[in-house]
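One-letter residues, chain by chain:
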Amino acid sequence: MILGITGSFGSGKSTVTALFAAAGWQVFDADAFCRDLYDSPPPDFRAELERKWDDGIVSRTGAIDRAAVSRRVFRNPDELAWLTGLIYPRLETAMAGRIDAVRRSGGNGAFEVPLLFECGWENRFDGVVAVWAPDGIRHRRLNDFRNFDPAEIGRREARQLAPAVKLERADFALINRGGPEELRNQFRELLSQF
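If you're wondering where the values come from, they're calculated on a predicted model, not measured in any experiment.

(A) Structural context of the pattern of salt bridges. Counted according to the given criterion, the structure contains 16 salt bridges. Note that Arg-138 is salt-bridged to Glu-157, the shortest N-O span being 2.6 Å. Taken together, the residues Arg-138 in helix α7 (residues 135-146) and Glu-157 in helix α8 (residues 150-157) connect sequence positions 19 residues apart. Look at Arg-138 and you get buried, because its relative accessible area is 1%. A relative accessible area of 23% means that Glu-157 is categorised as partly exposed. Linking Arg-184 and Glu-181 is a salt bridge whose minimum nitrogen-to-oxygen distance equals 2.8 Å. Placement of the pair is Arg-184 and Glu-181 together in helix α10 (residues 180-192), with a separation of 3 residues, close to one helical turn. Looking at Arg-184, the relative accessible area reads 33%, which means it is partly exposed. By relative accessible area, Glu-181 is classed as partly exposed at 39%.

(B) Highlighting α7. Between its terminal C-alpha atoms α7 stretches 15 Å, which fits the 16 Å expected from 12 residues at 1.5 Å a residue. When we look at burial in α7, the residues that qualify are Ile-137, Arg-138 and Leu-142. All buried residues of α7 fall inside an arc of 135° around its axis, so they share one side. Here the buried face of α7 lies against α8 and α9 (163-169).

(C) Looking closely at the packing of helix α1 (residues 13-22) against α10. Two elements in contact, α1 and α10, have axes separated by 11 Å at closest approach and are oriented at 50°. Taken together, α1 and α10 sit at an angle that is classed as oblique. Crossing handedness for the pair α1 and α10: right-handed. Contacts between α1 and α10 involve Thr-15, Val-16, Leu-19 and Phe-20 from the former and Leu-183, Arg-184, Phe-187, Leu-190 and Leu-191 from the latter. Residues of the contact of α1 with α10, tallied by class, amount to 7 nonpolar, 1 polar and 1 charged.

(D) Just the packing of helix α4 (residues 66-73) against helix α5 (residues 77-105), in detail. For the pair α4 and α5, interaxial distance at closest approach is 7 Å and the crossing angle is 130°. In terms of their interaxial angle, α4 and α5 are classed as oblique. For the pair α4 and α5, contact is made by Val-69, Arg-72 and Val-73 and by Pro-77, Glu-79, Leu-80 and Leu-83, respectively. Residue composition of the contact of α4 with α5, grouped by class: 5 nonpolar, no polar and 2 charged.

(E) Structural context of the sheet that holds strand β1 (residues 2-6). Strand order in the open sheet formed by 5 strands is β2-β3-β1-β4-β5, and the pairing between neighbours is parallel. Of all the strands in the sheet, just β2 (26-29) and β5 (172-175) have a single pairing partner and so form its edges. Averaged over all neighbouring strand pairs, the angle between strand axes comes to 20°, with direction disregarded. Where strand β4 (residues 127-132) meets β5, 4 bridges bridge the pair, whose relative direction is parallel. Paired with Val-129 across the bridge in β5 is Phe-172. Across the sheet, α1 is in contact with β1, β2, β3 (109-112), β4 and β5; its angle to β1 comes to roughly 155°. Helix-sheet contacts for α10 involve β4 and β5, and the interaxial angle to β5 is about 165°.

About the criteria used
Residues numbered from 1 in each chain as written. Predicted model: local features only at pLDDT ≥ 70, side-chain atom pairs only at ≥ 80, totals over all residues. Heavy atoms only, no water. Salt bridge = Lys/Arg side-chain N within 4 Å of Asp/Glu carboxyl O. Helix = DSSP H or I, 4+ residues; strand = E, 2+ residues; numbered from the N terminus. Buried < 20%, exposed > 50% of the residue type's maximum accessible area, 1.4 Å probe, protein only. Expected span 1.5 Å × (residues − 1). Arc of directions from axis to C-beta. Contact = heavy atoms within 4.5 Å. Axes fitted to C-alpha atoms, helices over the stretch in contact; angles between N-to-C directions. Parallel < 35°, antiparallel > 145°, perpendicular 65-115°, else oblique. Left-handed = near helix turned anticlockwise from the far one by under 90°. Nonpolar A, V, L, I, M, F, W, Y, C, P; charged D, E, K, R; others polar. Pairing = 2+ DSSP bridges.

Purely spatial values, then, with no claim about function.
In structure tokens form, the structure reads like this:
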């Protein structure tokens, strides 16, 4: 089985992906793919970013400064659309290759893709799991662990489907409003359905 995992940021998707990995599933994390792309950018990707934003995008180590990119794109929808057009074909190719590899292996795969519905990729999976948490809990996590202030959270959320929409469109749901044990119990119940 190949599952897509989605949800708004701060909902607990990475925790759920780790639970799938611990259960022996092969996992893929779209955010990790993008982080690697920034940390070790291929020459053509780096050149495109430097052409677009020639000042302060590439660090002395050769990595892309993610904070500098975020400042540009989350304040300007056109810039975000341009960057998405540059990254997502690469992400789609990598993800498709991993899906094929999991299918050939006969194993199970869990693919964490925050913008799965926004990209229209839901049909690539046998099912989609939405991880949902109340706004107050998500916002507190984002503030505590990533230092996002309310304005930054609002800017980023404005670029995504609402959490309730993701929940409604998914095949399965994990409601992450309690503690870790409650989430693990729901996860075990989810696995039992397969």
